[in-house]
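Letter by letter, the chains look like this.
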Amino acid sequence: MSEEEKLLKDAKKLPWEDRLLHKNWKVRNEANIDLASVCDSITDPKDSRLRDFGPLFKKTVTDSNAPVQEKALDALIAFLRAADADAARYAKEICDAIVSKCLTGRPKTVEKAQAAFMLWVELEAVDAFLDAMEKGIKNKVAKAVVPAVDVMFQALSDFGAKIVPPKRILKMLPELFDHQDQNVRASSKGLTLELCRWIGKDPVKSILFEKMRDTMKKELEAELVNVTGTAKPSRKIRSEQDKEPEQEAMSEVVGPVPTAESSTDAPPEIDEYELVDPVDILTPLEKSGFWDGVKATKWSERKDAVAELTKFASTKRIAPGDFTEVCRTLKKLITDVNIAVAVEAIQAIGNLASGLRLHFSGSSRFLLPVLLEKLKEKKPTLMESLTQTLQAMHRAGCLNLVDIVEDVRTATKNKVPLVRSLTLNWVTFCTETSNKAVVLKVHKDYVPIFMECLNDMTPEVRDAAFSALAAIAKLVGMRPLERSLEKLDDVRRKKLSEMIMGHEVVLVPVQTSGGSVPSLELQASEGAFVRKSAASMLTGKRPVQAAPVIKKGGSIKSGANKKSDGTGQLKSSKTIEAPEDVEPAEMGLEEIERRLGSLLQLEIISQLKSTIWKERLEAISLLKQQVEGLQELDQSVEILIRLLCALPGWSEKNVQVQQQVIEVITYIASTVTKFPKKCVVLCLLGISERVADIKTRAHAMKCLTTFCEAVGPGFIFERIYKIMKEHKNPKVLSEGIVWMVSAVEDFGVSHLKLKDLIDFCKETGLQSSAAATRNATIKLLGVVHKFVGPDIKGFLADVKPALLSALDTEYEKNPFEGASAVPKKTVRASESNLSVTVGGLDSLPREDISGKITPTLLKSLESPDWKVRLESIEAVTKILEEANKRIQPTGTVELFGALRGRLSDSNKNLVMATLTTIGSVATAMGPAVEKSSKGILSDVLKCLGDNKKHMRECTLNALDSWLGAVHLDKMVPCITLALTDTKLGAEGRKDLFDWLSKQLAGVSDFSDAVYLLKPACSAMTDKSSDVRKAAETCINEILRVSGQETIEKILKDMHGPALALVVERLKPYGAFQESFESAKVMSVGPTSKSSSRVGKSTSNGVMKHGNRTMPSRAIVTKGSKTESVTSVQDIAVQSHALFYVKDSNKEDRERMVVRRFKFEEPRLEQIQDLENDMMRYLREDLHRRLLSTDFKKQVEGLEMLQKALPSLAKEIIEVLDVLLRWFVLQFCKSNTTCLLKVLEFLPELFDTLKDEAYSLTESEAAIFLPCLIEKSGHNIEKVREKMRELTKQIVTICSASKSFPYILEGLRSKNNRTRIECVDLVGFIIDHHGAEISGQLKSLQIVASLTAERDGEIRKAALNTLALGYKILGEDIWRYVGKLTDAQKSMLDDRFKWKVREMEKKKEGRPGEARAALRRSVRENSSDVAEQSGEVSRSVSGPIYSSYRKNYGHSELQMDRQLVPQSLAGVNGPTDWNEALDIISFGSPEQSVEGMKVVCHELAQATSDPDGSAMDELVKDSDRLVSCLANKVAKTFDFSLTGASSRSCKYVLNTLMQTFQNKRLAHAVKESTLDSLITELLLWLLDERVPHMDDGSQLLKALNVLMLKILDNADRTSSFVVLINLLRPLDPSRWPSLASNESFASRNQKFSDLVVKCLIKLTKVLQSTIYEVDLDRILQSIHLYLQDLGMEEIRRRAGADDKPLRMVKTVLHELVKLRGAAIKGHLSMVPIDMKPQPIILAYIDLNLETLAAARMLTSSGPGGQTHWGDSVANNPSSGTHSADAQLKQELAAIFKKIGDKQTCTIGLYELYRITQLYPKVDIFSQLQNASEAFRTYIRDGLAQMEKNAAAGRTPASLPMPTPPPVALTISSPDFTPLSPVHTNALNDAKSLNVKSDPTNFNLPPSYSEDSRAINALTSSRGFTSENSLGDQRNERFITGVTSGTLDAIRERMRSMQLAAAAGNPDAGSRPLMSMNDSLNHGFSSQIPHASDRSGAENTVQSGVLPMDEKALSGLQARMERLKSGAIEHL
């Protein structure tokens, strides 16, 4: 044994560390080899040995000996394969060691180092790996940097961005871009491109490009084009690999389950936000002067400051900080007056949201309401920035759907429709970009909001709500929404389901394509080359595609530690069907022979190896025979092909053998069912070379063709390009192309990638130096031309001219055959394995230009500079040319949107350029243009409306291009709309019809043309003869190309003149004649049987009417036959009514009317609706005449109407809206005869309406007035005159205020004559109806602005009108004319001076003088005017039709006009309070608004200073004000019901509201005024016409709120008295004349119900307000109500459960409950001596008794006796006991009051009252347990009360000398038994038959045991009665009333009255008010009109607390009444 061997042997005994660090390199080498084998043998990653090995490698890998270092790396790799993630603890040191020593070594060492790094990544030690890389790239030796970059590249490529964080790599790259070594730069570029594959191009560009040099940028930009698709990780980390076997085991049991790979197929989207570092912007913002700038007064400074913030915030990621103050500032700036500042602020918010994300969520919620509110702005820039910001806030995660519910709910109730619709659009966006879980969580909150919005009045809001619902349904499905959508009607449900279906349709293809992605990606990954270096990513540096190399240290191994499970990979491969393996693996000859086995004879194989060619030839012949004889050839295909490739092989020199080999291969390929592609790959190179040889060429070409049949020509061509390009023999290329020519002829181009073929021809074939190759290429392109057509020329534009001419010659030899070019041969392979494109034209490649349609380009198209816009349009054309005018639709939607904007460009040249570009885009895109174009075609067609011929020609050229791309049937809908567009001028319509005729002439059959028939027929009545002629030609073409069935079908839906024209045109086409004749006969037959006037609606919405649905109803062609037919028809319908108003629903029709002041020409659908309505409501002969195209017939129809006018006025009113629409149609036509007839008829019609006291409704005015005003400037003087008179007539009949806005709109007309007429009309209105438009005089500035017009006539008219205004208004007119130039002022001044002189001549006084005098006289004689204008009765005779809402009530308005001077309201409005009240009282509703404004202003001022004198003045006038307003309520509501605006109603209710909000003012309103106001309000609340008024729902709400405010703040006593009085049936004259046939009884019932509700509201709070009310007055009103009814009626009503009676009893019950027996002290106004006794006494008795039994008497008001007599006949003891108990109870409560210093005075007073009423009671016996001091206090207090009573002082003025001593023991035993205690209160209540009748308002039950009260009365009259109490334990009868205590009360009252009378001799002279002296019992009493509350003015004495005002007010009123002696002696 040598010394070295011995050394090695001894070393093996050493520990590992010593061996690995031994000084002898061989020992170290051996140690590393042994270590590697040990690691390989370890199967458990938790093996303890691994933990020992870990720390050793940091030294071994830095070995100075290179071979040892390599072995150390092998050992490390083995270690890493065996270990698991725990090994990561050693990663940092080892990786650093590798970086420092291994990357500069030998290539093998570097490779192994990289493999080790990859394994560290696999073990999840990524951070350590990247830390090492950061050091590695800083190495000064460039040779060491490249491997470091490459290994990062490899790690990212294999593991993906999820494992290797791109952020770290992005930070390293910038310093590598500037490296001095080009290899490092190339590697860094490659790494950048790889990053683009993983995280997208845009993030990489935005982060890295700014840090690069320009040259580097350009190079990378060029390379980025080649980066396509998304990357997918090819290698997994160890922990994921460990999971795989478990899934495979599961898949065996369960079937295929998604593996980890399939679940992560789609790479995770890398958020650019995470890749960048946060930037602090608050510090630089402070320094930038932002805070001073935002406070600047100049808007530009504010904008610059915010722009600075926007710039700072535009950074990708902002560092979190305190942005609260910034957000507060931005919130203010959103509402900045300057729009530019607001836009900038909104953009800043968007940038902050994107940069801060979740850190901005609080601020987002703070700003959201303001942003949503701001959506009301219509400025496009503002709307765009708002939309982007709101979307950014949601995208950034600052807001989610859960947070914004309330804000959205508020925004959807905003009064501006735009806010509502845009909010919903934003929520839709949020929904679509949220995940399903969030939407599932919140959909219950949102769906009700959207459902409510579906009922919105604005269509945009409804559409947005539908979209929002559809978005939710798309995410969560329909099932969760079913409950919510139950309320939807069928139409909406259908629309919603269509929208949702639409979503689903869009989704389906996405899902299917998604399903196929894995297989595509797998194919890509299979065929992809293996990249070792980053530089290989760059173009031209890719290695040749070859079989994948399996690296020794690669990651193919599924887990080194699981060697036992070797079948794992095989099993997993079965679960996913892998694509066909194309690349053949290497296989030696021995392996081939072994696999062949017994398939072939051994001799054949041995002979094939022979060197003698004859033996080889013989062998190959035998082989051929054997192969042809094989039965199961399919299984042996590959091995046979491999054999032939090896033996004799492609290097065979003998031609015959070669031919035989090719024949065998051809036979196999043509015979087997599936020929593998890898076999083709094995043969292809050899066969290609054989094609070059003339001897084997035919065989080889045949073989290639057979291959094409087997696997498709696409695959063969793809492979052969590369072979032909790279082969040294030029013949291979030229002859290969010759074969390609034959292949294309045989198979066509459907299987080929034409882009690759054309590129090959251009770059290789045509560039060849060999003429044969060039000629073959030209032939190949010629054959391709035959299949794809001339479009191929676009791809060859840059070829040399000589070649181009040769190509053109070849194209002529091979003309384009299109669809007729059928391939001769077919491909056997299944279609799914081939990428088949659509044949023919569209098989040419299309380029994706989405990358070139940049935001910059789109923005440039919107640039304000026309040159920039033009350059952008040219740029689009250039992009198309670069793409060879063949583009894909992706990314073009935005382009079309931008181009659409340019179609309305102010620069016509740009519009023409745009049209040309749109045509080019359509041609380049082909059929896909229809979906991508966003309906741009309709905008293109609008350009035909231009009057320049050149523009129209451009448009038609664009249409030609469009037609070339899509079929005509796709264009028909847009063309149909365009033909009906009124803005398309005569020339445009003519050109379009000519173009249509030309296109239709080239077609033989085109059924869709029938849709063009209606617009073409309408054009036959056009003014222009050219249009009519063109339309006629077009109709003939349409009839030629449409089928008979389709024409018949469309004719059924046609009517009117159109139908007649078509039938006339159809005469040449006899085929149709019979069907029309039969139809005609049917319609001529008698129609009397068709009793139902309105039939069912047909599918397309046209109404059918009985038997009158036949199309021939409107045929009015010339000839005697037609005349006779007409007369027969007329005779048949003469017996019918002229109008069918029975089924008319005018309100529904009016609801459909869009109320606009500006006139718009009637659209086609509106004309069709009119025709339908006329057929429905007018008799057949009338509507046929009116709808005729012959004006003579129309005149006849008008004459029929004229005759019918006097007798059928009511019916004409019912269909007036329909007739007015027809008149509008006639105004728009050009026939003067008919127009003059209409103008003759209309004045008669309006006179009739005037006689009927009918005024046009708002809708009718909106139908007729805009047209009348617009057409009043007719070019014929006679027509103008008639229209002028008609307009004045309408202004006089309707209110001037209603027609004035329409006239003002006429001042903006484009027609000069119209403007002149309107100016004159304004003058007429000011002169004759000035008072009515006093509120609209600001509009005079429009008239004043016309004085600057060029046209002298307009100036003259405007000056005349203003002079008239000056005459009426005087100098005040200057306030209304607005800002004028000096020249205008001078003109006006001259005209006004002239007017003054003219007035002086005519002795008309001074300007404005008459108006001022009238106003003065009105104030002086207001009472006379009031008498004159006494209320006109509101009840007008009932209308004829119940469904018809008449606009009567104008008689009252007329009267107002005559009585109230016109200038009453004054253009300046009233100047003071009294004038305002005058105007409210006597002005018209419109005028009174000015008065109410003054009143509201005064009220607001007084309220702001409640202690000032102003409020005292107003309090005095409060009653007068409310009285005026109460009278005005009816007038304003009546006025609004005539169709006027509800403005005056709102003002009245608002003014009342402001009055009643102030308690002092509300209290000052008198009872009678309150009565009339409450009655009026309740009546209008019940009026069913109010909801139909303008803003009806708001008015109802206001009425409700006002009513509640009155109940809260008005004097409660008055409210109670008024409401109890209103429970009686209302006088019929008070009711307005309603349209319904409701009886007065049912109306009264509703009214009573409302009154009851009001009483309930007051009664609910009685407990807290008991001292505010005068109980005596309330009891008196209850007494009068009950006495009015009488006993019989009460009995009857009690049985019928009458609500009013029950309410009165409830009020009484509550009063008794609260006051107890003390209630009897409040009967001073009830005649208790009356015979028979008042009914109220029996009810009080009953309540006291029942409440006592139920122990429900309130302690605050107990007391007194239960009975009116001192003894009870049957059981005196029980009666006495009960009375004593009540008295004790009352005393206990009084003592409690005395004990409280707040109520001690009132307590003493009540105690004094008790001593007066019950003189025999000893109160001090109740105070045995009280202290002496307390008893003394009471004794002194009673003495003081006695003195006060003698002096006539009231309790309010009583001072309290000292507070009561707190000496009373409240829990004294003497007080406990004071209230009667029952052992079982519930049983007692039951035994007393207490019937509970609760209401919904939680009030006490109303007691309806009337029998008890009645028994009490009947027994007092001497009748006997059964026991109605039902108390079996204690049977007692109420037998009579004796004169005990009652006499005492009477005596006391008399003495007080006498004392008062003596002390107040003039009491009798006070104003008295009689209270209902018409009672049956003759009861009469008089009370003062209002209580004199003098006590309220007493001052508080020093140190003494005043008495509680509230508690005293009711009591004081009673005392005052007794004191004043106002009650007669009983």
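Structural data are supplied above this passage.
These numbers come from a predicted model, not from an experiment. (Residues numbered from 1 in each chain as written. Predicted model: local features only at pLDDT ≥ 70, side-chain atom pairs only at ≥ 80, totals over all residues. Heavy atoms only, no water.)

Trainee: Lay out the environment of Ile849 with the relevant residues and their values.
Mentor: Summarising the element assignment, Ile849 is placed in the loop between helix 42 (801–813) and helix 43 (855–861). C-alpha separation for the pair Ile849 and Ile879, spaced 30 residues apart in sequence, amounts to 7.6 Å. Non-local contacts of Ile849, meaning those with residues more than four positions away in its chain, are made with Ile879, Ala883, Ile887 and Thr892. (Helix = DSSP H or I, 4+ residues; strand = E, 2+ residues; numbered from the N terminus. Contact = heavy atoms within 4.5 Å.)

Trainee: So what's going on with the nonpolar core? Which residues, and what values?
Mentor: Nonpolar side chains in soluble globular proteins generally cluster together in the buried interior. Judged by nonpolar contacts, the single largest core of 94 residues is most densely connected at Phe1533, Phe1556, Ile1678 and Leu1711. Ranked by residues supplied to this core, first place goes to helix 77 (residues 1509–1537) with twelve residues. In contact with Phe1556, other than residues within four places in its own chain, are Val1522, Ala1562, Val1565, Leu1570, Leu1573, Lys1605, Ile1606, Asn1609 and Ala1610. Within the second largest apolar cluster, 91 residues are counted, among which are Leu1201, Phe1241, Ala1358 and Ile1368. (Core = buried A, V, L, I, M, F, W, Y, C linked by side-chain atoms within 4.5 Å. Buried < 20%, exposed > 50% of the residue type's maximum accessible area, 1.4 Å probe, protein only.)

Trainee: Describe in detail the side chain of Thr764, supporting the description with residues and values.
Mentor: If you trace the backbone, Thr764 turns up in helix 40 (residues 754–765). Judged by its relative accessible area of 14%, Thr764 is buried. If we skip the residues at most four places from it in the chain, Thr764 touches Lys725, Leu733 and Asp759.

Trainee: I'd like to hear about helix 85 (residues 1671–1696), residue by residue, with values.
Mentor: Here helix 85 contains 26 residues, and its C-alpha end-to-end distance of 29 Å is more than 12% below the 38 Å for a straight helix at 1.5 Å per residue. The largest bend along helix 85 measures about 90° and falls at Gly1686. A positive phi of about 55° marks Asp1697, the residue just after helix 85. (Expected span 1.5 Å × (residues − 1). Bend = angle between axes of the 7 residues up to and from the residue.)

Trainee: How would you summarise the packing of helix 64 (residues 1232–1251) against helix 66 (residues 1277–1293) if you had to cite specific residues and measurements?
Mentor: Relative orientation of the contacting elements helix 64 and helix 66 amounts to 20°, with a least axis distance of 10 Å. The orientation of helix 64 relative to helix 66 falls into the category roughly parallel. The two elements helix 64 and helix 66 cross, and the hand of that crossing is left-handed. Contact with helix 64, carried on its side by Thr1232, Leu1235, Leu1236, Leu1239, Leu1242, Pro1243, Phe1246, Asp1247 and Lys1250, involves Lys1278, Val1279, Lys1282, Met1283, Leu1286, Gln1289, Ile1290 and Ile1293 of helix 66 and no other residues of that element. (Axes fitted to C-alpha atoms, helices over the stretch in contact; angles between N-to-C directions. Parallel < 35°, antiparallel > 145°, perpendicular 65-115°, else oblique. Left-handed = near helix turned anticlockwise from the far one by under 90°.)

Trainee: Let's hear about the packing of aromatic side chains: which residues, and what values?
Mentor: The full count for this structure, using the stated rule, is 16 aromatic pairs. Taking the centre distance of 5.7 Å and the plane angle of 55° together, the rings of Phe117 and Phe129 count as tilted. Of the two residues, Phe117 is situated in helix 8 (residues 107–122) and Phe129 in helix 9 (residues 126–136); the sequence distance between them amounts to twelve residues. Of the residues examined, Phe117 reaches a relative accessible area of 0% and is grouped as buried. An aromatic cluster of at least three residues, connected via ring pairs, comprises Phe717, Tyr721, Trp739 and Phe760. Lying over the aromatic face of Phe715, Lys677 brings its terminal NZ or CZ to 4.9 Å of the ring centre. Positioned above the aromatic ring of Trp1394 is the side chain of Arg1391, whose terminal nitrogen or guanidinium carbon lies 5.4 Å from the ring centre. (Phe/Tyr/Trp six-rings, centres within 6.5 Å; stacked < 30°, edge-to-face > 60°. Lys NZ or Arg CZ within 6 Å of the ring centre and 35° of its normal.)

Trainee: Any chance you could break down empty space enclosed by the protein for me, citing the residues and the numbers?
Mentor: Put simply, the second largest cavity is a space of about 130 Å³. Contributing to the lining of the second largest cavity are Pro45, Lys46, Asp47, Leu50, Arg51, Phe79, Ala83, Asp84, Asp86, Ala87, Arg89 and Tyr90. Looking at the lining of the second largest cavity residue by residue, the class counts come to six nonpolar, no polar and six charged. (1 Å grid on protein atoms, 1.4 Å probe; cavity = no way out; pocket = protein on both sides within 12 Å on 5 of 7 lines; lining within 4 Å. Points joined across faces, edges and corners; volume = space filled by probe spheres on them. Nonpolar A, V, L, I, M, F, W, Y, C, P; charged D, E, K, R; others polar.)

Trainee: Tell me what's going on with unusual backbone geometry, and back it up with residues and numbers.
Mentor: Cis geometry marks the peptide bond from Leu647 to Pro648, where omega comes out at -5°. The residue Pro648 is located in helix 34 (residues 637–649) in this model.

Trainee: Give a description of a positive patch on the surface that names residues and reports values.
Mentor: Judged by side-chain charge, Lys942, Lys983, Lys1158 and Lys1310 come together as a positively charged surface patch. Position of Lys942 among the secondary structure elements: in helix 48 (residues 936–942). The exposure class of Lys942 is exposed, given its relative accessible area of 52%. (Patch = residues over 30% accessible without salt bridge, like charges linked within 9 Å, V, L, I, M, F, W, Y side chains within 5 Å. Areas by Shrake-Rupley, 256 points an atom, 1.4 Å probe, with all protein chains shown as cover. Salt bridge = Lys/Arg side-chain N within 4 Å of Asp/Glu carboxyl O. Lys, Arg positive; Asp, Glu negative; His and termini not counted. Charge placed at Lys NZ, Arg CZ, Asp CG, Glu CD.)

Trainee: Go over the pattern of salt bridges, please, and point to the residues and values.
Mentor: All told, the structure shown has 80 salt bridges when counted by the stated rule. Glu344 is the salt-bridge partner of Lys303, the closest N and O atoms lying 3.9 Å from each other. Linking Lys303 in helix 20 (residues 299–313) with Glu344 in helix 22 (residues 339–356), this pair joins segments that are 41 residues apart in sequence. The class of Glu344 is buried, set by a relative accessible area of 12%. A single salt-bridge network, built from bridges that share partners, covers Glu70, Asp74, Arg106 and Lys112.

Trainee: Kindly report on the packing of helix 26 (residues 417–432) against helix 27 (residues 436–453), identifying the contributing residues and their values.
Mentor: As a packed pair, helix 26 and helix 27 sit with axes 12 Å apart at the nearest point and diverge in direction by 155°. Taken together, the axes of helix 26 and helix 27 lie roughly antiparallel to each other. In terms of crossing hand, the pair formed by helix 26 and helix 27 is left-handed. In this structure, helix 26 contributes Leu424, Val427 and Thr431 to the contact, and helix 27 contributes Val439, Tyr446, Phe450 and Cys453.

Trainee: Just give me the short version of the side chain of Ser1488, but keep the residues and values in it.
Mentor: If you trace the backbone, Ser1488 turns up in helix 76 (residues 1485–1504). For Ser1488, a relative accessible area of 0% puts it in the buried group. Beyond its immediate chain neighbours, meaning those up to four positions away, Ser1488 contacts Ile1479, Ile1480 and Lys1528.

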